[in-house]
Amino acid sequence: MSNTNEIQLGGQFTFPGTSLTVKRMGYGAMQLAGPGVFGPPKDPAGAVAVLREALASGVNHIDTSDFYGPHVTNQIIKQALHPYPEELVLVTKLGARRPEDGSWQLANSPQQLIDGVHDNLRNLGLEALDIVNYRAMGGGAGHGPAEGSIGEQVSVLADLKQQGLIRHIGVSNATATQVAEAQAITDIVCVQNQYNLVQRDDDALVDDLAKQGIAYVPFFPLGGFSPLQSSSLSAIAEQLGATPMQVALAWLLHRSPNILLIPGTSSVGHLRENLAAAQLTLSPETLADLDKIAASEAKQ
Ligand SMILES: NC(=O)c1ccc[n+]([C@@H]2O[C@H](COP(=O)([O-])OP(=O)(O)OC[C@H]3O[C@@H](n4cnc5c(N)ncnc54)[C@H](OP(=O)(O)O)[C@@H]3O)[C@@H](O)[C@H]2O)c1
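Thresholds applied
- Residues numbered from 1 in each chain as written.
- Predicted model: local features only at pLDDT ≥ 70, side-chain atom pairs only at ≥ 80, totals over all residues.
- Heavy atoms only, no water.
- Salt bridge = Lys/Arg side-chain N within 4 Å of Asp/Glu carboxyl O.
- Helix = DSSP H or I, 4+ residues; strand = E, 2+ residues; numbered from the N terminus.
- Buried < 20%, exposed > 50% of the residue type's maximum accessible area, 1.4 Å probe, protein only.
- Pairing = 2+ DSSP bridges.
- Contact = heavy atoms within 4.5 Å.
- Axes fitted to C-alpha atoms, helices over the stretch in contact; angles between N-to-C directions.
- 1 Å grid on protein atoms, 1.4 Å probe; cavity = no way out; pocket = protein on both sides within 12 Å on 5 of 7 lines; lining within 4 Å.
- Points joined across faces, edges and corners; volume = space filled by probe spheres on them.
- Near = heavy atom within 4 Å.
- Polar contact = N/O pair within 3.5 Å; in protein donor to acceptor, adjacent residues only side chain to side chain.
- Areas by Shrake-Rupley, 256 points an atom, 1.4 Å probe, with all protein chains shown as cover.
- Sits in = over half its atoms within 2 Å of the grid points.
- Phe/Tyr/Trp six-rings, centres within 6.5 Å; stacked < 30°, edge-to-face > 60°.
- Lys NZ or Arg CZ within 6 Å of the ring centre and 35° of its normal.
- pLDDT = per-residue confidence, 0-100.

1. Regarding the pattern of salt bridges
Here is step 1: Per the counting criterion, the structure on display carries nine salt bridges.
Here is step 2: Put simply, Asp63 and Lys93 hold a salt bridge, and the shortest N to O gap is 2.7 Å. You can see Asp63 sitting in strand β4 (residues 61-63) and its partner Lys93 sitting in strand β5 (residues 89-94), a full 30 residues away along the chain. The residues Asp63 and Lys93 share a single accessibility class, namely buried.
Here is step 3: The shortest N-O distance in the salt bridge between Asp207 and Arg255 comes to 3.0 Å. Residue Asp207 is found in helix α6 (residues 203-212), and its partner Arg255 is found in helix α8 (residues 244-255); the two are separated by 48 residues along the sequence.
Here is step 4: Judged by relative accessible area, which is 35%, Asp207 ranks as partly exposed.
Here is step 5: Among the charged side chains, a network of salt bridges with common partners joins Arg200, Asp203, Asp207, Arg255 and Asp291.

Here it is, written out as structure tokens:
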């Protein structure tokens, strides 16, 4: 994989109004922390190896947060990759904290957001953050967004951008209304929401952001903590001589040109498998068959 070029990583995308260009196949670092995204990894050297393999394979877009671990994932990124190559775009997110009991708590007051930026800067070893997503906490136990103003939080990030600590701003776990609210405050370069072959709630938002040239970065592209399982997906993968996870990633790359991938893994083997998915071409017939999986899941 060390000679992977940008075409094999799904082509390139430039975040709107920025000089940041990334390959569409990136990497999500959340899985590098310990079990439950809490504490150190079982295999710290393995975590470093995954990051180095990603960069050696041409990845130049890594998604992270200082609340993974907490602090652990960013510290591993710094240990593995600092000083960072010029072309690497590190995207982080704010809005949560992890107390000692390992729970996920809101951290969206102005001071918590400011502190969160400084935590990211320190643990990543940076003077400015390329892109910061405000991660709205949504409602209920799931990962879906919930309506409610995010204006105060986005305004705090806009101030930090003015101060030069943040270069560009995105939102995460946001509804279309919240994206529009954020856009009225500052330029939004990306939206990071849950979306995959089966979880298609954001279909209309993906298309709307594509028209605006804004990146849509699905989290849980493989289904998250319980990777996607579908007999139809497995059958299609077998026909193509690929794995189900590769087909799920290739489907996202085919879905819309503004989709950027950040699949997560703690394994070099899975990383290689996931990056190779960018080389899969899916025919219109296969895409139609894959679309049926979402439709049949929605009926259940
Ligand atoms: N904004 C948000 O609220 C939010 C929420 C969640 C995640 N994220 C970001 O999105 C990124 C991606 O999400 P994610 O990592 O949670 O979920 P994911 O990419 O959908 O799936 C990761 C899971 O799939 C497994 N996996 C990865 N590649 C595989 C392969 N080729 N074959 C079989 N299993 C494979 C991983 O286990 P192994 O480690 O064993 O490979 C892990 O359990 C995260 O890393 C994080 O940066 C953002």
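2. Focus: the sheet that holds strand β11 (residues 215-216)
Here is step 1: If you trace the seven strands from one edge of the open sheet to the other, you get β3-β4-β5-β8-β9-β10-β11, paired in parallel fashion. In this open sheet, the two strands that pair with only one neighbour each are β3 (27-28) and β11.
Here is step 2: The sheet contacts of helix α4 (residues 151-162) involve β5, β8 (129-135) and β9 (166-172), and relative to β9 the element is tilted by about 165 degrees.

3. So, the layout of surface pockets
Here is step 1: In this structure, the largest pocket encloses a volume near 1100 Å³.
Here is step 2: Every residue lining the largest pocket is counted, 46 residues in all, and those nearest its centre are Met30, Gln31, Val37, Phe220 and Phe225.
Here is step 3: Broken down by secondary-structure element, the contributors of at least two residues to the lining of the largest pocket are α1 (44-56) and α9 (268-276).
Here is step 4: Sorting elements by how many residues they give to the lining of the largest pocket places α9 first, with three residues.

4. Structural notes on the site of the ligand
Here is step 1: Residues in close proximity to the ligand total 26 residues, the closest being Asp63, Arg135, Thr265, Ser266 and His270.
Here is step 2: Here an oxygen atom of the ligand and a backbone polar atom of Gly28 are 3.1 Å apart.
Here is step 3: Side-chain polar atom of Asp63 to an oxygen atom of the ligand: 2.6 Å apart, as the coordinates give it.
Here is step 4: Notes on the ligand: free accessible area 890 Å², of which the protein chains cover 88%.
Here is step 5: Under a 2 Å grid-point criterion requiring more than half of the atoms, the pocket assigned to the ligand is the largest pocket.

5. Side note on the packing of aromatic side chains
Here is step 1: Using the criterion set out here, one finds seven aromatic pairs in the structure.
Here is step 2: Between Phe219 and Phe220, the aromatic rings sit 5.0 Å apart at their centres with planes inclined by 80 degrees, giving edge-to-face as the arrangement.
Here is step 3: The class for Phe219 is buried, based on a relative accessible area of 10%.
Here is step 4: For Phe220, a relative accessible area of 13% corresponds to the buried category.
Here is step 5: Here the aromatic rings of Phe220 and Phe225 are separated by 5.8 Å at their centres, their planes lie at 70 degrees, and the arrangement is edge-to-face.
Here is step 6: An aromatic cluster is defined as three or more aromatic residues linked by ring pairs; in this entry it consists of Phe67, Tyr68 and Trp104.
Here is step 7: Over the ring of Trp104 we find Arg98, and its NZ or CZ is 3.6 Å from the ring centre.

6. A few points about the confidence of the model for the protein chain
Here is step 1: For the protein chain, per-residue confidence averages 95 on the pLDDT scale, and 95% of positions sit at 70 or higher.
Here is step 2: Across residues 1-6, where pLDDT falls below 50, the model places 13 contacts with residues more than four positions away in sequence or in other chains.

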